[in-house]
Amino acid sequence: QVQLVESGGGLVQAGGSLRLSCAASGSIASINVMGWYRQAPGKQRELVAVITSGGITTFANSVKGRFTISRDNAKNTVFLQMNSLKPEDTAVYYCHLVAIATMTNYWGQGTNVTVSS
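Owing to the predicted nature of the structure, the values given are computational and were not obtained by experimental measurement.

Rules of the game
Residues numbered from 1 in each chain as written. Predicted model: local features only at pLDDT ≥ 70, side-chain atom pairs only at ≥ 80, totals over all residues. Heavy atoms only, no water. Phe/Tyr/Trp six-rings, centres within 6.5 Å; stacked < 30°, edge-to-face > 60°. Helix = DSSP H or I, 4+ residues; strand = E, 2+ residues; numbered from the N terminus. Buried < 20%, exposed > 50% of the residue type's maximum accessible area, 1.4 Å probe, protein only. Pairing = 2+ DSSP bridges. Axes fitted to C-alpha atoms, helices over the stretch in contact; angles between N-to-C directions.

Overview of the packing of aromatic side chains
Counted under the stated rule, the structure contains 1 aromatic pair. Arranged with centres 5.1 Å apart and planes meeting at 70°, the rings of Tyr37 and Trp107 form a pair that is edge-to-face. Placement of Tyr37 in strand 4 (residues 32–39) and of Trp107 in strand 10 (residues 104–107) is noted, with a sequence separation of 70 residues between them. When its relative accessible area of 38% is taken as the criterion, Trp107 is described as partly exposed.

Right, here's the structure in full:
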């Protein structure tokens, strides 16, 4: 079993920055993809950014150039640096991990990000 614990959400003004962290614990497969999804009120959950255990990244078009994702494999932690935040970035952000060998998915509880205009 794998547990994901997020931190770093909060309230910020438009143009500001936030850094989200997610620490994974438990039986973590060495080959995995970690990342962030978000869900705004009344909308479906969507991919924000993911990073493989080898460091390959993928970003949603809406956050390219503003968000960066990184990870510390030794600590099983993934980070999302969010700059130039916009009100439309307001959502619950969920940490995600998928073990590639088994395609088992794990989700964190979510952390709220609110961007005021």
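Focus: the sheet that holds strand 3 (residues 18–26)
Taken together, the 4 strands give an open sheet; going across it, the order is 1-3-8-7, and neighbouring strands pair in antiparallel fashion. Two strands in the sheet have a free side with no partner beyond their single neighbour: strand 1 (2–7) and strand 7 (67–72). When the angles between neighbouring strand axes are averaged without regard to direction, this sheet yields 15°. Relative to strand 8 (residues 77–82), strand 3 runs antiparallel, the two being bridged by 6 bridges. Across the sheet, the residue bridging to Cys22 is Val78, located in strand 8.

In short, shape yes, function no, at least from these values alone.
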